[in-house]
Amino acid sequence: MTIVRPDAEGYRRAVEVLRAESVVAFPTETVYGLGANAFSEKAVGEIYRLKNRPSWNPLIVHVANVEAARELAESWPVEANELAAQFWPGPLTLVLPRARHLAGVGASNNTIAVRIPDHEVALRLLEESGLALAAPSANRSEGISPTTAEHVLRSLPDVPLVLDGGPASWGIESTVIDVTGGRPRLLRPGAIPLRELRDVAGPVTLPDDGPSDGDARPSPGMSRRHYAPRATLTLVEDVRAADRDESVGVLTYETAGVEGAEILSADPREYAADLYAALHRLDDAGVTTILVQEPPRSEDWLAVRDRLGRAAAK
Ligand code: TXA
Ligand code: MG
């Protein structure tokens, strides 16, 4: 694998790899993506192989502008219009009725997930390649998403090329919302808070009680176990009261009195921005258990709680 800077030579090499139906990891504002020509079966197959991703889990297609997004959709619901106008480019993924003429990514599905990333490097790569890029997070299936080029290298050493755009600013994946019919349905909480979606699109249906595996899953990627470090992660009500030795790492937020802990912000957005990097650091430190101070149960913490819950799942 080669990590390259996003300069003229870097883009040239990246476009060459993409045109040769292989994959390139690139930065977005949420996490690093593993990109491939969305309409090349061979290139998309390479994503699934490298990530060891189950074939039933469809990919998000990244495009450079709204016109390109509309071409992927059979119809363009009014909610899509409003949400796109407000949040694109940005960390919101819309699940839309899939245009009938499309082959390739997620072809077994009659919907398609689309977003315009808010990142200079991602946008320039989309423009210079002239491709729509299918891109899941650039990590092994079920692992922690990468927020730096270094994380990609460690999780997927066989990726031929990584464009290094520095640390991802949001640090947590996009919010995924289904607008294929009726009231918009939240499929994955993420960077854009629910409150902001409601302000634009009105009431939003939430996923019913908790993650589960099985065919009936509305968002196929929301497996019970996901986003998991190598160490066993356990959520606890008060990390200060927990028993610890050197095999135990602690992740908490702005609470005093826990020596040697990873201490994140008490603001949910800042916490999310640092969460995956902190889990990577704890894994690197070689701990076998990570105790995580349970965040507040308020809606602002929905996405963080979702990721921690899945990381803790057996
Ligand atoms: O922030 C992000 O969304 C990052 C960056 C790279 O854009 N990408 C990302 O992709 O998180 P991935 O593959 O790790 O997660 C995509 C999620 C999965 O839960 C998947 O099941 C869901 O989106 N998804 C994709 N296509 C779908 C569809 N047609 N219907 C429902 N869910 C879909
Ligand atoms: Mg992922």
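Residues numbered from 1 in each chain as written. Chains lettered and ligands numbered in written order. Predicted model: local features only at pLDDT ≥ 70, side-chain atom pairs only at ≥ 80, totals over all residues. Heavy atoms only, no water.

Visitor: Mind showing me how you'd approach the packing of aromatic side chains here?
Guide: Describing an aromatic ring pair means giving the distance of the ring centres and the angle of the ring planes. A complete count under the given rule lists five aromatic pairs for this structure. Residues tyrosine 253 and tyrosine 271 carry aromatic rings whose centres are separated by 6.2 Å and whose planes lie at 70 degrees to one another, so their mutual orientation is edge-to-face. With tyrosine 253 in strand S12 (residues 248–253) and tyrosine 271 in helix H8 (residues 268–284), this pair connects stretches of sequence that are 18 residues apart. The pair tyrosine 253 / tyrosine 271 is uniform in exposure class, with both members buried. For the pair tyrosine 253 and tryptophan 301, a centre-to-centre distance of 5.6 Å together with 40 degrees between the ring planes defines the contact as tilted. Of the two residues, tyrosine 253 is situated in strand S12 and tryptophan 301 in the loop between strand S14 (289–293) and helix H9 (302–312); the sequence distance between them amounts to 48 residues. The exposure class of tyrosine 253 is buried, given its relative accessible area of 15%. One aromatic cluster is present, built from ring pairs that chain together Tyr253, Tyr271 and Trp301. Directly above the aromatic system of tryptophan 170 lies the positively charged group of arginine 269, at a separation of 3.5 Å from the ring centroid. A cation over an aromatic ring shows up here: arginine 307 above the ring of tyrosine 227, its NZ or CZ 4.9 Å from the ring centre. (Phe/Tyr/Trp six-rings, centres within 6.5 Å; stacked < 30°, edge-to-face > 60°. Helix = DSSP H or I, 4+ residues; strand = E, 2+ residues; numbered from the N terminus. Buried < 20%, exposed > 50% of the residue type's maximum accessible area, 1.4 Å probe, protein only. Lys NZ or Arg CZ within 6 Å of the ring centre and 35° of its normal.)

Visitor: Where do I start with the sheet that holds strand S11 (residues 232–236) in this structure?
Guide: Strand pairing within a sheet occurs via backbone hydrogen bonds; the two strands may be parallel or antiparallel. One open sheet accounts for four strands, arranged S11-S14-S12-S13; its pairing is parallel. Both outer strands of the open sheet, S11 and strand S13 (262–264), are each paired with one neighbouring strand and no more. Direction aside, neighbouring strands of the sheet carry axes that sit 20 degrees apart on average. The strands touched by H8 are S11, S12, S13 and S14; relative to S12, the strand with the most contacts, the crossing angle is about 170 degrees. Relative to the sheet, H9 contacts S11 and S14, its axis offset from that of S11 by approximately 130 degrees. (Pairing = 2+ DSSP bridges. Axes fitted to C-alpha atoms, helices over the stretch in contact; angles between N-to-C directions. Contact = heavy atoms within 4.5 Å.)

Visitor: What is the right way to read the nonpolar core from this model?
Guide: Across soluble globular proteins, you tend to see nonpolar side chains buried next to one another. Judged by nonpolar contacts, the single largest core of 64 residues is most densely connected at Leu34, Leu83, Trp88, Leu92, Leu94, Leu96 and Leu197. Each residue touching leucine 83, except ones within four places of it in the same chain, is listed here: Trp88, Leu92, Leu94, Ile177, Val179, Leu197, Val200 and Ala201. Counting residues in hydrophobic clusters, the runner-up holds 27 residues, among them Val31, Ala278, Val304 and Ala312. (Core = buried A, V, L, I, M, F, W, Y, C linked by side-chain atoms within 4.5 Å.)

Visitor: I would appreciate a short explanation of the domain arrangement of the protein chain in the present structure.
Guide: Accessible area lost upon the coming together of the parts serves often as the stated size of an interface. In terms of domains, the protein chain is made up of domain 1 (2–201) and domain 2 (232–312). For domain 1 versus domain 2, the separation of C-alpha centres amounts to 27 Å. Between domain 1 and domain 2, the contact holds 20 residues from the first and 16 residues from the second. Both faces combined, the contact of domain 1 with domain 2 buries some 1500 Å², and carbon together with sulfur accounts for 57% of it. (Domains from an automatic or database assignment. Buried area = accessible area lost by both parts, 1.4 Å probe.)

Visitor: What is the right way to look at the sheet that holds strand S8 (residues 161–163) in this model?
Guide: Ordered by their spatial adjacency, ten strands build an open sheet running S1-S8-S2-S3-S7-S4-S6-S5-S9-S10, and the pairing between neighbours is mixed. Single-partner strands in this sheet number two, and they are strand S1 (2–4) and strand S10 (185–188). The pairing of strand S5 (residues 92–97) with strand S6 (residues 111–115) spans four bridges and is antiparallel. Bridging across to S6, leucine 94 finds its partner in valine 114.

Visitor: Quick question: what am I supposed to make of the pattern of salt bridges here?
Guide: One side chain can pair with another of opposite charge once the charged atoms of both are near each other. Inspection of the entire model under this criterion finds 18 salt bridges. Arginine 195 is paired through a salt bridge with aspartate 300; the nearest N and O atoms lie 3.1 Å apart. Taken together, the residues span a long stretch of sequence, with arginine 195 in helix H7 (residues 194–201) and aspartate 300 in the loop between S14 and H9 at a distance of 105 residues. Within the structure, one salt-bridge network assembled from shared partners comprises Glu173, Asp306, Arg307 and Arg310. (Salt bridge = Lys/Arg side-chain N within 4 Å of Asp/Glu carboxyl O.)

Visitor: Would you explain the pairing of strand S9 (residues 175–178) in this entry?
Guide: The side chains of a regular strand alternate between both faces of the sheet. Along S9, one buried face is formed by Thr175 and Ile177 and the opposite face, lined by Val176 and Asp178, is buried too. Bridge count for S5 against S9 is four bridges, and the pairing is parallel. Bridging across to S9, leucine 92 finds its partner in threonine 175. Here S9 folds back onto S10 in antiparallel fashion, the turn holding six residues, of which glycine 182 has a positive phi close to 65 degrees.

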